[in-house]
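# Understanding the architecture of this molecule
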Amino acid sequence: MKCADCLESLGPFIDGELPPDEAALVEEHLKTCADCAAAHQRLVATSSQLKKTLMRYEAPDVLKARIRASITEAARDAPDQPVMVPLPRRSAWQRTFAAAAVVAIVSSGLTYAVVNQRASANPVEQEVLASHIRSLMPGHLTDVASNDQHNVKPWFNGRANVSPDVPRLDSLGFPLIGGRLDYIDGHNAAVVVYTRRQHVINVFSWASPGPTEQSGVLSTSNGYHLIRARHNGLEMWIVSDLNESELRDFARMVIPPR
Ligand SMILES: [Zn+2]
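In this report, we go over the structure that sits alongside the text.

About the criteria used
- Residues numbered from 1 in each chain as written.
- Predicted model: local features only at pLDDT ≥ 70, side-chain atom pairs only at ≥ 80, totals over all residues.
- Heavy atoms only, no water.
- Buried < 20%, exposed > 50% of the residue type's maximum accessible area, 1.4 Å probe, protein only.
- Helix = DSSP H or I, 4+ residues; strand = E, 2+ residues; numbered from the N terminus.
- Pairing = 2+ DSSP bridges.
- Contact = heavy atoms within 4.5 Å.
- Axes fitted to C-alpha atoms, helices over the stretch in contact; angles between N-to-C directions.
- Donors = N, O, S within 2.8 Å, 3.2 Å for Na, K, Ca; no water.

## Things to note about the pairing of strand 4 (residues 199-207)
- Most of strand 4 sits out of view: 8 of its 9 residues are buried.
- Pairing of strand 3 (residues 187-196) with strand 4, which is carried by 7 bridges, proceeds in the antiparallel orientation. Bridge pairing in strand 4 links Tyr194 to Ile201.
- In textbook terms, the turn of a hairpin is the stretch between consecutive antiparallel strands, and for strand 3 and strand 4 this stretch comprises 2 residues, one of which, Arg197, has a positive phi near 50 degrees.
- Where strand 4 and strand 7 (residues 234-240) come together, 6 bridges link them in antiparallel fashion. From the neighbouring strand, Asn202 faces strand 7, where its bridge partner is Val239.

What follows is the structure, encoded as structure tokens:
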């Protein structure tokens with residue numbers, strides 16, 4: 001095997017994608033060629049570092065939803081085929097990046113499966129979380145898309161049996177993007193949708209007679225934070241994958257403390 005061929009094959013070799021006979025040739029060459037062996041070592045180290053780094057980044061909601069939607073679509077189009085991400089034969093560097101991207105996608109898909117299969121202790125929490133995840137799929141986020149609370153608040157009249165507060169928070173870094181209707185725990189729920197950078201924040205409200213409860217009970221499920229409160233005759237849930245500290249700041253503005 002020539003060095004050029006060996007270098008070309010290093011990426012798929014590291015990913016375990018070479019046919020056994022080709023892999024054996026690469027292995028043989030690496031034993032006898034110090035240059036290629038060094039390149040192999042560098043690539044292994046870079047690949048492992050890259051995977052570690054990528055795994056640490058939390059993908060924004062919108063990106064996760066797009067990936068989930070495309071995985072679901074691909075699976076539906078070919079129900080008997082495993083979902084494969086094509087890896088064209090390219091340079092070792094490109095292949096390393098492609099492999100790392102696949103790891104990120106698979107990791108995101110696994111999270112989704114766990115979310116779906118997890119039997120939450122609280123069935124309402126599970127419904128709210130499922131609705132949040134569904135809302136991130138293309139075309140599901142808003143029924144009325146507007147950054148003006150004077151369009152969003154009246155839109156709920158006659159549609160939901162509650163009229164949630166729709167504060168304007170864009171100057172504080174939480175732009176309003178609209179509202180939608182949902183159905184949670186046997187109730188028509190009004191959902192007001194905000195964003196923070198790439199993160200979507202859904203604010204669910206439905207009528208719930210009973211005493212006001214302490215604001216801001218937080219739970220965490222598979223990377224999503226949920227804040228629940230009962231306020232002014234409303235059951236309210238705030239859901240996002242935004243970090244806990246910023247989501248609590250947001251909750252204090254949407255559900256003012258008594
Ligand atoms: Zn060589």
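Still more ground to cover, so stick around.
## Considerations on the sheet that holds strand 3
- Ordered by their spatial adjacency, 7 strands build an open sheet running 1-2-3-4-7-6-5, and the pairing between neighbours is antiparallel. Two strands in the sheet have a free side with no partner beyond their single neighbour: strand 1 (144-145) and strand 5 (217-221).
- Pairing of strand 6 (residues 224-231) with strand 7 involves 7 bridges; the strand directions are antiparallel. The residue bridging His231 from the neighbouring strand is Leu234, located in strand 7.
- The strands that helix 6 (residues 123-135) touches are strand 2 (176-184), strand 4, strand 5, strand 6 and strand 7; relative to strand 2, the one it contacts most, it runs at about 135 degrees.

## Things to note about the environment of Asn147
- By the secondary structure assignment, Asn147 is in the loop between strand 1 and helix 7 (149-155).
- For the pair Asn147 and Pro175, spaced 28 residues apart in the sequence, the C-alpha separation amounts to 6.9 Å.
- In contact with Asn147, other than residues within four places in its own chain, are Arg168 and Leu176.

## As for the coordination of the zinc ion
- For the zinc ion, the protein coordination sphere consists of Cys3 (SG), His29 (NE2), Cys33 (SG) and Cys36 (SG), at 2.0 to 2.3 Å.
- Each donor residue of the zinc ion lies on one chain, and together they are spaced C-x25-H-x3-C-x2-C. Cys33 carries the same exposure label as His29, and that label is buried.

## Regarding the side chain of His225
- When you line up the elements, His225 lands in strand 6.
- Residues contacting His225, with those up to four places away along its chain left out, are Leu218, Ser219, Thr220, Ile238, Val239, Ser240, Leu242, Asn243, Glu244 and Leu247.

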